[in-house]
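# Structural features, examined
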Amino acid sequence: PEVKEELIEEATEAFSQVLDSLLIDRFEDPNSQGTARRLAKMYFNEIMAGRYEPRPDATAFPNKGDSRYSGMLVVRSELKSMCSHHHQPVTGVAYIGIIPGEKVIGLSKYTRIAKWCAQRGTLQEELCNDIAREIKRATNSENVAVHIGAEHGCCVNRGIRAHSSMTQTTV
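To keep things clear, this report deals only with the structure shown in the data block. Quantities reported herein were computed from a predicted structural model and do not represent experimental measurements. (Residues numbered from 1 in each chain as written. Predicted model: local features only at pLDDT ≥ 70, side-chain atom pairs only at ≥ 80, totals over all residues. Heavy atoms only, no water.)

Their axes nearest at 8 Å, the elements helix 1 (residues 2-21) and helix 2 (residues 35-47) cross at an angle of 130 degrees. Compared by their axis directions, helix 1 and helix 2 come out oblique. The handedness of the crossing between helix 1 and helix 2 is right-handed. Within the contact between the two elements, helix 1 uses Lys-4, Glu-5, Leu-7, Ile-8, Glu-9, Ala-11, Thr-12, Phe-15, Ser-16 and Leu-19 and helix 2 uses Thr-35, Ala-36, Arg-37, Leu-39, Ala-40, Lys-41, Tyr-43, Phe-44 and Asn-45. A class-by-class count of the residues in the contact of helix 1 with helix 2 yields 10 nonpolar, 4 polar and 5 charged. (Axes fitted to C-alpha atoms, helices over the stretch in contact; angles between N-to-C directions. Helix = DSSP H or I, 4+ residues; strand = E, 2+ residues; numbered from the N terminus. Parallel < 35°, antiparallel > 145°, perpendicular 65-115°, else oblique. Left-handed = near helix turned anticlockwise from the far one by under 90°. Contact = heavy atoms within 4.5 Å. Nonpolar A, V, L, I, M, F, W, Y, C, P; charged D, E, K, R; others polar.)

On to the packing of aromatic side chains, then. A ring pair, where both rings are aromatic, is described by two values, the distance of the centres and the angle of the planes. Scanning all chains against the criterion turns up 2 aromatic pairs. Pairing Phe-44 with Tyr-52 gives two aromatic rings, centres 4.8 Å apart and planes at 40 degrees, and the pair type is tilted. With a relative accessible area of 9%, Phe-44 lands in the buried category. It is Arg-120 that lies over the ring of Trp-116; its NZ or CZ is 4.6 Å from the centre. (Phe/Tyr/Trp six-rings, centres within 6.5 Å; stacked < 30°, edge-to-face > 60°. Buried < 20%, exposed > 50% of the residue type's maximum accessible area, 1.4 Å probe, protein only. Lys NZ or Arg CZ within 6 Å of the ring centre and 35° of its normal.)

What follows covers the environment of Leu-19. With respect to the element layout, Leu-19 can be found in helix 1. Setting aside residues up to four positions removed in sequence, Leu-19 forms contacts with Ile-24, Arg-26, Thr-35 and Ala-36.

As a further point, take the sheet that holds strand 6 (residues 167-170). Spatial ordering of the open sheet is given by 2-3-5-6, a layout of 4 strands whose pairing is antiparallel. Pairing within the sheet leaves two strands with one partner each, and these edge strands are strand 2 (73-82) and strand 6. Within the sheet, the average angular offset between the axes of one strand and its neighbour, ignoring direction, is 15 degrees. Judged from the 10 bridges that link them, strand 2 and strand 3 (residues 89-98) form a sheet pairing that is antiparallel. Residue pairing across strands places Ser-77 opposite Ala-94, the latter belonging to strand 3. Strands in contact with helix 3 (residues 107-118) are strand 2 and strand 3; relative to strand 2, the strand with the most contacts, it is inclined by about 25 degrees. In the packing of helix 4 (residues 124-139) onto the sheet, the strands contacted are strand 2, strand 3, strand 5 (144-152) and strand 6, and the crossing angle to strand 5 comes to about 150 degrees. (Pairing = 2+ DSSP bridges.)

So, in structure tokens, the structure goes:
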């Protein structure tokens, strides 16, 4: 926590310089006072929290005996991420499919893992791979599939400005 607070302070100074370069009056404009620190805290505590927080605990349970499940389980997880190219929001849904092996994890853990992977600034293709890798790691199952459908701020807020565009990736 001490190191994280030092990093937030360092980022606050950097965001202050960016705001100054954009000619935003962060002293007289009441809406911009404190913005540099809010930006720094948002990056470290929310948007990119997955870089600074430990992997979610995914306690595994045995999948054997009469209650063994051998079908496919599919979990739908809403995601918010950030494109590492333009730092624009990426908002979408991940479908995580698994045919369990010898152990299973709780249903909420799939979403916790997906959100942790998403909160680091990434590309959607990498995010798809990251989620699959972490689910495999937590379950010891090689039978994992991930499909993400997301809208990218890079396409909506800048550049082509294509509203309702959707990017889909699968692994």
